[in-house]
Amino acid sequence: MSDRIINLKAMAKWKAIPADIQARLISNVYCKVCGETSIVDFEIKDDEFGIVLVGRCKKCNGPVARMIED
C-alpha cells in the first residue's frame, strides 16, 4: 500500500479510523471494469463530507476512488 498524503487534515481523519476498518475500506472499492476490488497507490484527500481515497484498481490498474463520510 502506498498512500501519498495530500493534507494533514485528511490524514488525521484517516488515522482516526481503526486499522481493521481501514483495511475493509481499502479492499471494498468499486471499479467500473472489474466490479468489487481493492484500491492501491492511493492519495488521501480532504472533502467537506469526510475524506476520499483516490488511486488505482488492484486488478486492472484503472482509476478508482472511495468516499468515506465523517
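*Asks:* Help me understand the overall build of the chain in this model?
*Replies:* Along the backbone of the chain there are two helices and six strands. Traced from its N-terminal end to its C-terminal end, the chain shows the element sequence β-α-α-β-β-β-β-β. Scaling as 2.2 N^0.38, a compact globule of 70 residues should have a C-alpha radius of gyration of about 11 Å, and the chain matches this with 11 Å. Along the longest, intermediate and shortest principal axes, the C-alpha atoms of the chain span 30 × 20 × 20 Å. Every one of the 70 residues in the chain was classed for burial, and the buried ones make up 34%. Looking at the chain alone, contacts between residues at least 24 apart form 38% of all its contacts between residues at least 6 apart. Across the chain, the 11 positively charged side chains and the 10 negatively charged ones have centroids separated by 6 Å.

*Asks:* I would appreciate a short explanation of unusual backbone geometry in the present structure.
*Replies:* Among all residues except glycine, the phi angle is most often negative; among peptide bonds, the trans geometry is most common. Backbone geometry at Asp-41 places phi at a positive 50°, although glycine is not the residue there. With respect to the secondary-structure elements, Asp-41 resides in strand E4 (residues 39-47). Even without being a glycine, Asn-61 presents a positive backbone phi close to 70°. Mapping Asn-61 onto the fold places it in the loop between strand E5 (50-57) and strand E6 (63-69). Looking at Asn-61, the relative accessible area reads 44%, which means it is partly exposed.

*Asks:* It is not clear to me how the pattern of salt bridges should be interpreted in this structure. Could you clarify?
*Replies:* Here the idea is simple: oppositely charged side chains can pair when their charged atoms come close. Under the defined criterion, the tally for this structure stands at three salt bridges. Where salt bridges share partners, they join Lys-9, Lys-13, Asp-46 and Asp-70 into one cluster.

*Asks:* In this structure, what is going on with helix H1 (residues 8-15)? I would like to understand it.
*Replies:* For an α-helix, 3.6 residues make a turn, and residues three or four places apart therefore share a direction. Every buried residue belonging to H1 is among Ala-10, Met-11 and Trp-14, and all of these are buried. For H1, the arc enclosing every buried residue in end-on projection is 100°, short of the 170-degree limit, so these residues lie on one face. In this structure, H1 carries Leu-8 and Lys-9 as exposed residues pointing more than 90 degrees from its buried face.

*Asks:* Explain the nonpolar core here, please?
*Replies:* If you look at soluble globular proteins, the nonpolar side chains tend to sit buried side by side. Counting 16 residues, the largest nonpolar core has Trp-14, Ile-39, Phe-42, Ile-44, Ile-51, Leu-53 and Ile-68 as the members making the most contacts within it. At the level of secondary structure, the elements contributing two or more residues to this core comprise H1, helix H2 (19-26), strand E2 (29-31), E4, E5 and E6. Beyond its immediate chain neighbours, meaning those up to four positions away, Ile-39 contacts Ile-26, Val-29, Leu-53, Val-54, Gly-55, Arg-56, Val-64 and Ala-65.

Conventions used here
Residues numbered from 1 in each chain as written. Predicted model: local features only at pLDDT ≥ 70, side-chain atom pairs only at ≥ 80, totals over all residues. Heavy atoms only, no water. Helix = DSSP H or I, 4+ residues; strand = E, 2+ residues; numbered from the N terminus. Rg over C-alpha atoms; globule rule 2.2 N^0.38 Å. Buried < 20%, exposed > 50% of the residue type's maximum accessible area, 1.4 Å probe, protein only. Contact = heavy atoms within 4.5 Å. Lys, Arg positive; Asp, Glu negative; His and termini not counted. Charge placed at Lys NZ, Arg CZ, Asp CG, Glu CD. Salt bridge = Lys/Arg side-chain N within 4 Å of Asp/Glu carboxyl O. Arc of directions from axis to C-beta. Core = buried A, V, L, I, M, F, W, Y, C linked by side-chain atoms within 4.5 Å.

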